[in-house]
Structures are given as structure tokens and as C-alpha cells.
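# What the coordinates show
The residues making up each chain are set out below.
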Amino acid sequence: MALPNAYGQYNNSKILTASPAELTLMLYEGAIKFCNIAIASVEHKDIEKAHENIRKTERIIDYFRQTLDMSYAVAEDFERVYAYLSQRLVEANVKKDKEILEEVNVHLRSMRDTWKEVMKKSKEQGT
């Protein structure tokens, strides 16, 4: 069937043509998705799948941390938040704790929503 291949090509094209702001939004969306999968996996006692998706979420947070531009004062605030989320994800993975994952997801959604607002305001100002 050609449909899965077409979908994959579409997604690849979407990523290759996205702006840095759009890529950041996609990463937030991915982290939220993987965290949701991990939550469901913990609920269903699928330890391996939970671990795999917590690690995917951790890798996205690690990427955010690595790409922070520390020449801006606000980057220190983001570093603290990302460090906290990383710590909580490790704890959630060790304990397979749904509540910790839900807490992390609340923070990720808040950051994603803030990022969407920044993108919207930037677009309105034409920058």
C-alpha cells in the first residue's frame, strides 16, 4: 500500500520546510505525545513501552537544553525548567510513576502553549 509511504514523505517534507520556530513547536508536540504514550503504557503495565517513550521525551528535553543560547538571561530560566523536567523524567522512569509523568506533561503543555503565543505574536508583528 502506498499510503504509509506517502504519509512518511509528507511528514519528511513538513520537517524539511519548517521554520526553526515551527520545528520547536513540533518538538514540544512530540514530547507531549511520547509522554502521553508513556502514561498509557504505565497504566497498562507495559514497562518496556513506558521506558522507551520516557526516554524519547528525555531526548527532546536534552536537545532543548543543548540548544539554549545562554547569552540571553531567559535561557537560565529555561535551563532550570528543563533540568527539573529531566530529573522528574528519570524519577518517573525508575518508579514508572504516572503522576510524575502527568506533572511533566502539564509543564510541557504550558511551554508549548506559550511558544504558540510567541509564534502568533511574532507573526502579527511581521518578524
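For the structure given in this document, a descriptive report is provided here.

Thresholds, definitions, all that
- Residues numbered from 1 in each chain as written.
- Predicted model: local features only at pLDDT ≥ 70, side-chain atom pairs only at ≥ 80, totals over all residues.
- Heavy atoms only, no water.
- Helix = DSSP H or I, 4+ residues; strand = E, 2+ residues; numbered from the N terminus.
- Buried < 20%, exposed > 50% of the residue type's maximum accessible area, 1.4 Å probe, protein only.
- Areas by Shrake-Rupley, 256 points an atom, 1.4 Å probe, with all protein chains shown as cover.
- Salt bridge = Lys/Arg side-chain N within 4 Å of Asp/Glu carboxyl O.

### Observations regarding the overall build of the protein chain
A count of helical and extended segments in the protein chain gives 5 helices and 0 strands. Residues counted as buried form 30% of the 127 residues belonging to the protein chain. Element-wise, carbon and sulfur atoms account for 57% of the exposed surface of the protein chain, whose accessible area totals about 8,400 Å².

### Description of the pattern of salt bridges
Taken as a whole and judged by the stated rule, the model has 12 salt bridges. The partner of Glu 29 in a salt bridge is Arg 112, and the shortest N-O contact between them spans 3.4 Å. Here Glu 29 is found in helix H2 (residues 20–43), whereas its partner Arg 112 is found in helix H5 (residues 98–125), with 83 residues between them in sequence. Residue class for Arg 112 comes out buried when judged on its relative accessible area of 13%. A salt bridge links Glu 79 to Arg 65, with the shortest nitrogen-to-oxygen separation between them at 2.5 Å. One end of the pair, Glu 79, is in helix H4 (residues 73–95); the other, Arg 65, is in helix H3 (residues 47–66), with 14 residues separating them in the sequence. Connected through shared salt-bridge partners, Glu 29, Arg 112, Asp 113 and Lys 116 make up one network.

On their own, these measurements won't tell you what the molecule is for.
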